[in-house]
Structures are given as structure tokens and as C-alpha cells.
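Listed below, chain by chain, are the residues.
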Amino acid sequence: MPILVVAEVAYLLGSRLGVDSEVRFLGDFAAGNLIGEPVAAGDWLRIAELVGRHRGRPLGTVDASVVAEAERLQVAQIATLDHRHFGVVRPAHVTAFELLP
């Protein structure tokens, strides 16, 4: 998971499901069940390209970091509840992402 996503997920869990969900999420990092992936130096340019390309749609830095990391790691599946944002992106390494669930 891109490290930029961690704060966004923690906020959403805490605000929508309560602090216990947020604490469990953070505990998964502490236990090694989830790993935050730092943004690679080369990803920043790709993130900027994606944000600029999708300026008319709400694809921000955090979502673009997911795309850049998936491209770099050759991952075709993305777990997201935000199909609207990721459904419009055309990744460099596959025709389209498989969006889960």
C-alpha cells in the first residue's frame, strides 16, 4: 500500500466506522500484516503526469500514487471502493485495472 494512502484510510476508518477500526488498521501495520510502500523517486513524475492528465476528474495525488506504484510493481488488481476514479485511468502496463471488490 502506498504510504500516502495510509493517512487517508485511517481517517476514513476513524470518521466512518469509529476509532476502534482505525486502531485495528494501525495495529495491522505494527504486526506486519500491512506494509506501507514509500513513494519511489521515479513515481513522483508519474503521479504529477496522472494528476495533470485527469485534471477534469477528481484523481488526486493519493489515487495517482496507487496507480504509479501498481505500474512500477506490475500489479493489475486494485482494492478500492472508489471505482469512479480508478475506472477512468489507463495504466501503462495493462489495458485496465481489475478493481476489487
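First, a word on scope: everything that follows refers to the structure included in this document. (Residues numbered from 1 in each chain as written. Predicted model: local features only at pLDDT ≥ 70, side-chain atom pairs only at ≥ 80, totals over all residues. Heavy atoms only, no water.)

### Comments concerning the side chain of Arg46
Now for step 1: Note that Arg46 resides in helix 3 (residues 43–53).
Now for step 2: Take Arg46: its relative accessible area is 13%, and that puts it in the buried class.
Now for step 3: Apart from the residues within four sequence positions on either side, Arg46 is in contact with Arg53, Ala68, Glu71, Arg90 and Ala92. (Helix = DSSP H or I, 4+ residues; strand = E, 2+ residues; numbered from the N terminus. Buried < 20%, exposed > 50% of the residue type's maximum accessible area, 1.4 Å probe, protein only. Contact = heavy atoms within 4.5 Å.)

### Quick look at the layout of surface pockets
Unoccupied space between atoms shows up once a probe the size of one water molecule is rolled over them.
Now for step 1: Its boundaries defined by the atoms lining it, the largest pocket holds a volume of some 810 Å³.
Now for step 2: Along the walls of the largest pocket sit 23 residues, with Val5, Val9, Ala79, Thr80 and Leu81 positioned nearest its centre.
Now for step 3: Elements with a contribution of two residues or more to the lining of the largest pocket: helix 1 (3–16), helix 4 (61–73) and strand 1 (77–79).
Now for step 4: Counted by class, the lining of the largest pocket contains 16 nonpolar, two polar and five charged residues. (1 Å grid on protein atoms, 1.4 Å probe; cavity = no way out; pocket = protein on both sides within 12 Å on 5 of 7 lines; lining within 4 Å. Points joined across faces, edges and corners; volume = space filled by probe spheres on them. Nonpolar A, V, L, I, M, F, W, Y, C, P; charged D, E, K, R; others polar.)

### Observations concerning the nonpolar core
Now for step 1: Ranked by internal contacts, the top residues of the largest apolar core, which has 15 residues, are Leu50, Val67, Ile78, Phe86, Val89 and Phe97.
Now for step 2: If you list the elements that add at least two residues to this core, you get helix 3 and helix 4.
Now for step 3: Among the elements that line this core, the one with the most residues is helix 4, at five residues.
Now for step 4: Filtering out sequence-adjacent residues up to four positions away, Leu50 remains in contact with Leu59, Ala64, Val67, Ala68 and Val89. (Core = buried A, V, L, I, M, F, W, Y, C linked by side-chain atoms within 4.5 Å.)

### Brief notes about the side chain of Thr80
Now for step 1: Locating Thr80 in the fold gives a position in the loop between strand 1 and helix 5 (83–86).
Now for step 2: Overall, the relative accessible area of 10% leaves Thr80 in the buried class.
Now for step 3: Side-chain polar atoms of Thr80 contact the backbone nitrogen of Asp82, separated by 2.8 Å. (Polar contact = N/O pair within 3.5 Å; in protein donor to acceptor, adjacent residues only side chain to side chain.)

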